[in-house]
Number of protein chains: 2
Amino acid sequence: MDTRITPLVPLDLKSWIARQLDQVELALDRWVSVDAGADLEHHAPADLMAAMRYAVLDGGKRLRPLLVLAACEAVNSGLKHDYLPIEECDDELARRGVIDPEAATQGSGEAALRAACAVELIHAYSLVHDDMPCMDNDVLRRGKPTVHVQFGQASALLAGDALQALAFELLTPEGSAIASAQQAKLCRLLARAAGCAGMAGGQAIDLASVGLQLTEDQLREMHRLKTGALLQASVMMGAVCAEPMSVARAALHRYGAAIGLAFQVVDDILDVTADSSTLGKTAGKDAEHDKPTYVSLMGLDAARAYAQALHRQALQALADTGLVDTRILQGLADMVVQRSN
Amino acid sequence: MDTRITPLVPLDLKSWIARQLDQVELALDRWVSVDAGADLEHHAPADLMAAMRYAVLDGGKRLRPLLVLAACEAVNSGLKHDYLPIEECDDELARRGVIDPEAATQGSGEAALRAACAVELIHAYSLVHDDMPCMDNDVLRRGKPTVHVQFGQASALLAGDALQALAFELLTPEGSAIASAQQAKLCRLLARAAGCAGMAGGQAIDLASVGLQLTEDQLREMHRLKTGALLQASVMMGAVCAEPMSVARAALHRYGAAIGLAFQVVDDILDVTADSSTLGKTAGKDAEHDKPTYVSLMGLDAARAYAQALHRQALQALADTGLVDTRILQGLADMVVQRSN
């Protein structure tokens, strides 16, 4: 095997993102559709599918899908020559820092695209349910009327439920190139991140904490579950889609945790500094509802400094992976912290 | 291999059911709990878990788990000596009607119990969401206040969402005896049965059909999705938990379809013939809400005759499986049709 170091081709992050977004939008359009049931006996009811498509298509930053695809590419780029991973590593090849590029990319494209879309479906369903009158009662999302405003509450409830199921269906295609072990592992990561010890659990804490004074630890725990778990799962699912699965896992886990929390800190900052038209959703909702945020807890300046510190943690974690090319993950971390909406 | 025919031990269906119910209740109590997250970093928020447990524990006929466990046992009983399966069969051993009992039971116990509980979690979550004010607005379920009455609408919404995620988490345990291929297949079956081309799709049709005159085909399609898909998936998931997976699949599929539809026809009959205290839920709701039912469509006598015909179809399908021992599945089909609540 040739172990000479090949200089990396210069990265154009914007065009990488544009390419991935094209791919993700196309895939979502294909998979969230009545035609997706080609191997099913009957098509899904058209009205329900219309609400599901409205919730998913034509909107959103697609941050989670981008993280899945970027993590998969980073792991596929292999470990740096002579890099000695400091973390646990259950794969012999990876332990020796040797990766077979053929094995690395085989089947990982389809798996990563499915994982990217599955994570986005979970995110989309959570927004639909979150916006309902019994939760945040929001009428504007991504600059459009929310799903329950457009389709009614019952349809919004069902569309969210069906999107969650569809996420797991996307991860378990029959007769595909994706190994069963990968399918099962992807389902496991996504189920945990979405459930009571993840996103749903974080939302429950959120609900219960309105009007309360949380400590920084409690606030971090809430966001670690509510937003962080799914962002972190995106990174880990991308890594699972690459082969061998275990390379750089612990460091990627830290990267995911750091950007997950940074995302929320920046969300809290934007809620007080941006206007509704920039955000595409109602600004100032946190203060209006007396929700605990990083800004209310530590003040605007300290929150900004904290976001920068988390950004540095994320970049350090990427350096610790020992992977050849983590520039896209680095660029996404920059975006998370520097975004204006 | 000894191919002599061993007479079957007489079956005591009641005590079989009692044993399985004990097992299922214990497993649900263990898996739907804050302690279930022993391998997670943090426990689920206690309030959310309380609502989830309220929705799942201490109630319900557990028909779906019983079907999973019964189908697994039936397939594990093997094919009858000299039986030539008429259906597609992708397993060489099964094609020859030979089953290794060791291989048959290895790991199938845990898989079947997890599948049984996962299906019940999906069923339980669907009831929680179905009972909400924006859907059926029901206040009584299994003789208790519904989840949204007891815990509030937001908690009911989240508890349902988290139960769905937990179902898929149950199916994908890390480092267990359950093969990845089984885990992936179980997720696939459950996701399809729960989603827009299954249960959620059927509920959408249900919503849209209030006050409409449906044809018998339309009514059957609605119930095939709304109730039938999950009942049928229960049977198929049980079969997947047994090894080899493919034995008698087509006939079991027909069995599942027949009892799925029979279940709904009997539900429609009970809604007009039983009282609320027997049902454990509000009787007469269908007529009150002007919902199309088999009784409103064909009259009570014809609906009863139809339930009997579906019962016969289910028994014929069991005979077609060629399996040694389908007596439990037969008993469950009897229960579905003869039940009084």
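Refer to the structure printed above.
Residues numbered from 1 in each chain as written. Chains lettered and ligands numbered in written order. Predicted model: local features only at pLDDT ≥ 70, side-chain atom pairs only at ≥ 80, totals over all residues. Heavy atoms only, no water.

Q: Can you walk me through the relation of the copies chain B and chain A in this structure?
A: One copy of the chain maps onto the other through a rotation about an axis plus a displacement along that axis. In the superposition of chain B on chain A (RMSD 0.0 Å, axial shift 0.0 Å), the rotation amounts to 180°. Expressed as a symmetry operation, the mapping of one chain copy onto the other fits a two-fold axis. Same-surface contact between copies: 100% of interface residues of chain B are shared with the interface of chain A. (Least-squares fit on C-alpha atoms with pLDDT ≥ 70 in both. Contact = heavy atoms within 4.5 Å.)

Q: I keep staring at the interface of chain B and chain A and nothing clicks. Help me out?
A: Many authors give the size of an interface as the accessible area that is lost as the parts come together. Contacts between the two partners involve 49 residues from chain B, matched on the other side by 49 residues from chain A. In total, chain B and chain A occlude about 4300 Å² of area from one another, counting both sides; carbon and sulfur atoms represent 67% of this. For the chain B face of the interface with chain A, the top three residues by lost area are L158, R192 and C196 of chain B, together amounting to 15%. The tally of links between chain B and chain A comes to four salt bridges. In this structure, R192 of chain B engages E169 of chain A in a salt bridge whose closest nitrogen and oxygen atoms are separated by 3.6 Å. Here chain B is connected to chain A by 12 residue pairs in polar contact (both at pLDDT 80 or more). Taken together, the elements giving at least two residues each to the side of chain B that touches chain A come down to α2 (46-56), α6 (108-130), α8 (153-171), α9 (180-194), α10 (199-208) and α11 (216-241) of chain B. (Buried area = accessible area lost by both parts, 1.4 Å probe. Salt bridge = Lys/Arg side-chain N within 4 Å of Asp/Glu carboxyl O. Polar contact = N/O pair within 3.5 Å; in protein donor to acceptor, adjacent residues only side chain to side chain. Helix = DSSP H or I, 4+ residues; strand = E, 2+ residues; numbered from the N terminus.)

Q: What is the right way to look at the environment of A115 of chain A in this model?
A: Residues and elements named next belong to chain A. Residue placement: A115 occurs in helix α6 (residues 108-130). What makes A115 buried here is its relative accessible area of 0%. Separated by 125 residues in the primary sequence, A115 and V240 place their C-alpha atoms 9.6 Å from one another. Among all residues touching A115, those that are not within four sequence positions of it are V68, L171, L186, M237 and C241. (Buried < 20%, exposed > 50% of the residue type's maximum accessible area, 1.4 Å probe, protein only.)

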